Amino acid sequence: MIVVLAQTKGGVGKTTLAVNLAIERTLRGRRDVLLVDADEQGTAADFSALRVETRGATGYTAVQLTGAAVRSQVLAMRGKYDDVVIDAGGRDTTGLRAALTIADVAVVPFQPRSFDVWTLGKVGQLLADARVINPNLRAYAIINCADPQGEDNRSAAEALTEHPEIEFMRASIGRRKAFPNAAAAGLSVLEAPHPDSKACNELKILADRLFAQVEAEAE
Ligand SMILES: Nc1ncnc2c1ncn2[C@@H]1O[C@H](COP(=O)(O)OP(=O)(O)O)[C@@H](O)[C@H]1O
Ligand SMILES: [Mg+2]
């Protein structure tokens, strides 16, 4: 199954979630995973390089692709992998549009009470465009950097009523230092020397819902 982290805004957690989801898959099910860095900034690729330095191997296959190659190359490689995770950059690029035409699911990280809400219309339009050629594309907004007070779920549901192209998935990720701390060492939160159990549980719940839901729908 192909998952793309899709948000036209930067700094919402696309790369953080892409690398953590990719690693969660390799650890959980011993699956063969392809991590595609489709962002020109190359943050996921830098993470993978750091991971090789600190651990000797990534545990997944990492490639960097841009533009239309995101579609053609991923289509050519997908048969070799159980899961493909694509980190598409924070702008409306050919690479993001190409990824959306081949993905099973788009994950749209956002913070309900921030400027991220304003980009949902843009993302909704990209999804509508992609569905002309990829009608089965599912899209789930998930809250990243959630507020500990728990007000976010209601705000998110409200923000999304105006964007029927995107469903809300109740699998929020809190704002937790464990994410940047682990990433700085080339690790997922699951592999940190002293894992943050809340961060680990949130990641596992997100991965479970995302992959189980989409696999069930594909049957
Ligand atoms: N759940 C989280 N908790 C704490 N910090 C986070 C979380 N998600 C992302 N960050 C931090 O926010 C910044 C932006 O995240 P990043 O994944 O690079 O976003 P994007 O790829 O969308 O630009 C990074 O410094 C990252 O470590
Ligand atoms: Mg990024």
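Keep in mind it's a predicted model, so treat the numbers as computed, not measured.

Criteria and cut-off values
- Residues numbered from 1 in each chain as written.
- Chains lettered and ligands numbered in written order.
- Predicted model: local features only at pLDDT ≥ 70, side-chain atom pairs only at ≥ 80, totals over all residues.
- Heavy atoms only, no water.
- Pairing = 2+ DSSP bridges.
- Helix = DSSP H or I, 4+ residues; strand = E, 2+ residues; numbered from the N terminus.
- Right-handed = clockwise from strand over helix to strand, strands pointing away.
- 1 Å grid on protein atoms, 1.4 Å probe; cavity = no way out; pocket = protein on both sides within 12 Å on 5 of 7 lines; lining within 4 Å.
- Points joined across faces, edges and corners; volume = space filled by probe spheres on them.
- Nonpolar A, V, L, I, M, F, W, Y, C, P; charged D, E, K, R; others polar.
- Core = buried A, V, L, I, M, F, W, Y, C linked by side-chain atoms within 4.5 Å.
- Buried < 20%, exposed > 50% of the residue type's maximum accessible area, 1.4 Å probe, protein only.
- Axes fitted to C-alpha atoms, helices over the stretch in contact; angles between N-to-C directions.
- Parallel < 35°, antiparallel > 145°, perpendicular 65-115°, else oblique.
- Left-handed = near helix turned anticlockwise from the far one by under 90°.
- Contact = heavy atoms within 4.5 Å.
- Disulfide = S-S within 2.5 Å.
- Near = heavy atom within 4 Å.
- Polar contact = N/O pair within 3.5 Å; in protein donor to acceptor, adjacent residues only side chain to side chain.
- Areas by Shrake-Rupley, 256 points an atom, 1.4 Å probe, with all protein chains shown as cover.

### Looking at the pairing of strand β3 (residues 61–64)
Here strand β2 (residues 33–38) pairs with β3 via 4 bridges, running parallel. Looking at the pairing, leucine 34 lines up with threonine 61 of β3. Between the parallel pair β2 and β3, the chain is carried across by helix α2 (residues 43–55), and the sense of this crossover is right-handed.

### Concerning the layout of surface pockets
Rolled over the atoms, a probe with the dimensions of a water molecule shows which regions are left empty. Here the largest pocket is characterised by a volume of approximately 420 Å³. Lining of the largest pocket is provided by 23 residues; of these, Lys14, Thr15, Asp39, Gln41 and Thr43 occupy positions nearest its centre. Residue assignment for the lining of the largest pocket shows that the elements contributing at least two residues are α1 (14–29), α2 and α4 (94–102). Sort the elements by how many residues they give to the lining of the largest pocket and α1 lands first, with 4 residues. Within the lining of the largest pocket, the residues separate by chemical class into 5 nonpolar, 14 polar and 4 charged. Considered as a void within the structure, the second largest pocket measures approximately 260 Å³ in volume. Around the second largest pocket, the lining comprises 14 residues; the ones closest to its centre are Ala146, Asp147, Ser172, Gly174 and Glu202. Taken together, the residues of the lining of the second largest pocket break down into 4 nonpolar, 4 polar and 6 charged.

### Details of the nonpolar core
Within the largest apolar cluster, 38 residues are counted, with the highest numbers of intra-cluster contacts made by Ile86, Leu100, Phe110 and Ile166. Membership of the second largest hydrophobic core comes to 35 residues, among which are Met1, Val3, Leu5 and Tyr140.

### Details of the packing of α4 against helix α5 (residues 120–133)
The relative placement of two packed helices comes down to the angle between their axes together with the axis-to-axis distance. Two elements in contact, α4 and α5, have axes separated by 8 Å at closest approach and are oriented at 50°. Regarding the angle of α4 to α5, the classification is oblique. Pair α4 / α5 crosses with right-handed handedness. Residue-level inspection shows Leu96, Arg97, Leu100 and Thr101 of α4 in contact with α5, the latter providing Leu126, Leu127, Asp129, Ala130 and Ile133. Tallied by class, the residues present in the contact of α4 with α5 amount to 6 nonpolar, 1 polar and 2 charged.

### Digging into the side chain of glutamate 24
Turning to its location among the elements, glutamate 24 is positioned in helix α1. Residue glutamate 24 is classed as buried on the basis of its relative accessible area, which comes to 1%. Discounting residues that sit within four places of it in the chain, glutamate 24 has contacts with Leu190, Leu203, Lys204 and Ala207.

### As for the side chain of serine 188
Mapped onto the fold, serine 188 is located in the loop between α7 (178–184) and α8 (197–218). Here serine 188 is in contact with Asn20, Ile23, Phe47, Arg51 and Ala182, once residues within four sequence places are set aside.

### What about the state of the cysteines?
Throughout the structure, instances matching the rule amount to 0 disulfides. Looking at cysteine 145, it has no disulfide partner, and the nearest cysteine sulfur is the one in cysteine 200, 16 Å off.

### Observations regarding the site of ligand 1
Taken together, 15 residues sit near ligand 1, with Gly11, Lys14, Thr15, Thr16 and Gly174 positioned nearest. Measuring from an oxygen atom of ligand 1, one finds a side-chain N or O atom of threonine 16 at 2.6 Å. Protein chains bury 73% of the 560 Å² of accessible surface belonging to ligand 1 in isolation. Those elements giving two or more residues to the shell around ligand 1 turn out to be α1 and α7. Broken down by element, the residue count for the shell around ligand 1 peaks at 3 residues, all from α1. Of the residues assigned to the shell around ligand 1, the class counts are 5 nonpolar, 7 polar and 3 charged.

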